[in-house]
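# Structural overview
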Amino acid sequence: MKSYLQPFLIIFISKILATTDAFTVPSLKWESTTSIHHHAHSSTATILYSSLKEPEEQKSNFGRQSYWNECYENEREYTWYAGWDDIQPFFTELVPLKDSESPRVLLPGIGNDSSMVDMFDYGYTKMSAFDYASEGVDCAKDFFGDRDCDLQMADARNLVSYEDDSYDAILEKGTLDAIYLSGANDKELAAKHLKMAVDEMSRVLKKGGVVMSITAACADAVKDAFDNSEHWQVIHDGSFYVTEDGYTSNNIDATILAYEKVSN
Ligand SMILES: C[S@@+](CC[C@H](N)C(=O)[O-])C[C@H]1O[C@@H](n2cnc3c(N)ncnc32)[C@H](O)[C@@H]1O
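Residues numbered from 1 in each chain as written. Predicted model: local features only at pLDDT ≥ 70, side-chain atom pairs only at ≥ 80, totals over all residues.

The name that an unreviewed UniProt entry assigns to the chain is Methyltransferase type 11 domain-containing protein, with the source organism given as Chaetoceros tenuissimus. What the UniProt record of the chain gives under Sequence similarities (unreviewed entry) is the line "Belongs to the methyltransferase superfamily." (UniProt positions renumbered as here; feature names shortened; annotations may be inferred.)

Here we come to the overall build of the chain. A count of helices and strands for the chain gives eight helices and nine strands. Burial analysis of the chain (264 residues in total) assigns 44% to the buried set. Of the contacts made within the chain by residues no fewer than 6 positions apart, 73% connect residues no fewer than 24 positions apart. (Helix = DSSP H or I, 4+ residues; strand = E, 2+ residues; numbered from the N terminus. Buried ≥ 20, exposed ≤ 12 C-beta atoms within 10 Å, placed from the backbone. Contact = placed C-beta atoms within 7 Å.)

Here the focus is helix H3 (residues 84-94). When H3 is considered as a whole, its buried residues turn out to be Trp84, Asp86, Ile87, Phe90 and Phe91. The arc enclosing the buried residues of H3, seen along the axis, measures out at 140°, which places them on a common side. (Arc of directions from axis to C-beta.)

Taken together, 20 residues lie around the ligand, and Trp68, Gly109, Gly111, Asp113 and Gly174 are the ones closest in. For the shell around the ligand, the per-class residue count stands at nine nonpolar, six polar and five charged. (Near = placed C-beta within 6 Å. Nonpolar A, V, L, I, M, F, W, Y, C, P; charged D, E, K, R; others polar.)

Turning our attention to the packing of H3 against helix H4 (residues 115-122). Any two packed helices are characterised by how steeply their axes cross, that is the angle between the axes, and by the distance between the axes. Interaxial distance between H3 and H4 falls to 9 Å at its minimum, and their mutual angle equals 45°. Taken together, the axes of H3 and H4 lie oblique to each other. As H3 runs across H4, the sense of the crossing is right-handed. Touching Trp84, Asp85 and Gln88 of H3 are Ser115, Met116, Asp118, Met119 and Tyr122, all from H4. Of the residues assigned to the contact of H3 with H4, the class counts are four nonpolar, two polar and two charged. (Axes fitted to C-alpha atoms, helices over the stretch in contact; angles between N-to-C directions. Parallel < 35°, antiparallel > 145°, perpendicular 65-115°, else oblique. Left-handed = near helix turned anticlockwise from the far one by under 90°.)

Most of strand E4 (residues 126-131) sits out of view: five of its six residues are buried. As judged from the five bridges shared by strand E3 (residues 104-108) and E4, these two strands associate in the parallel manner. Its bridge partner lying in E4, leucine 106 is registered against serine 128. Following the chain from E3 across H4 to the adjacent parallel E4, one finds a crossover that is right-handed. Judged from the four bridges that link them, E4 and strand E5 (residues 150-153) form a sheet pairing that is parallel. In the strand pairing of E5, serine 128 is matched with aspartate 150. Handedness of the crossover is the feature at issue here: the chain leaves E4, passes through helix H5 (residues 134-144), returns alongside E5, and the resulting connection is right-handed. (Pairing = 2+ DSSP bridges. Right-handed = clockwise from strand over helix to strand, strands pointing away.)

Let us look at the nonpolar core. Ranked by internal contacts, the top residues of the largest apolar core, which has 67 residues, are Ala129 and Leu194. Sort the elements by how many residues they give to this core and helix H7 (residues 187-204) lands first, with seven residues. (Core = buried A, V, L, I, M, F, W, Y, C linked by C-beta atoms within 7 Å.)

Next comes the structure, spelled out in structure tokens:
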């Protein structure tokens with residue numbers, strides 16, 4: 001990871017510890033009915049297809065949509081954990097670019113990560129990205145400009161507007177961490193939210209497709225969510241990763257997980 005990002009990672013992890021472990025009384029309730037919220041931050045009427053309550057402000061920052069919207073209102077570009085240049089050797093090995101056509105790639109929770117434009121320009125031109133924070137989608141629209149990237153506001157736990165078996169690969173970076181934190185101190189709820197997101201990934205991915213997850217804050221929980229589902233076979237388990245070309249994962253200050261979807 002670039003050295004100037006290190007302090008942010010430390011702040012991120014320490015804030016997580018402060019917001020998730022300091023409280024013992026679960027405050028969230030699972031809502032079984034689907035509700036549709038009109039998002040206050042969006043200038044147009046944007047619909048969030050979420051059926052889930054958010055944690056209270058003092059219990060989780062990174063698990064709240066409003067937190068991310070506020071972040072992105074104030075800071076239009078920021079890259080968590082590692083940028084495209086660092087990720088590229090690993091991702092390209094897992095999801096090679098073919099001469100004829102780019103693989104279809106989905107980026108959940110793109111936020112204000114402008115390094116994903118470099119990924120598009122590298123050749124992954126069949127790209128879709130979403131975030132549940134409308135301000136993140138607005139940032140992405142700004143930096144993608146007139147590139148043909150499908151950008152939507154969507155909740156990773158309920159991807160109603162995405163079709164089954166439609167992507168060759170998914171690259172997620174820090175989004176599953178944030179989803180786990182949406183359970184705040186209720187670890188069961190956190191794992192449930194994570195399972196929903198991982199199940200949605202398996203639904204929209206083609207059989208044989210690959211998920212690459214770059215996770216730091218909640219790596220064990222993210223790993224469990226994949227390992228506990230029969231849809232996935234592990235390709236990389238988070239241990240030291242060396243590509244055939246000799247790139248090593250020690251530049252990335254986060255865990256790299258990779259899974260292949262083996263069944264529907
Ligand atoms: C740690 S940031 C990572 C942003 C970006 N991927 C990066 O690597 O710089 C987590 C992102 O996940 C988004 N997010 C959190 N929960 C989400 C959900 N349920 N659905 C979609 N996006 C979500 C947040 O809005 C935020 O943009």
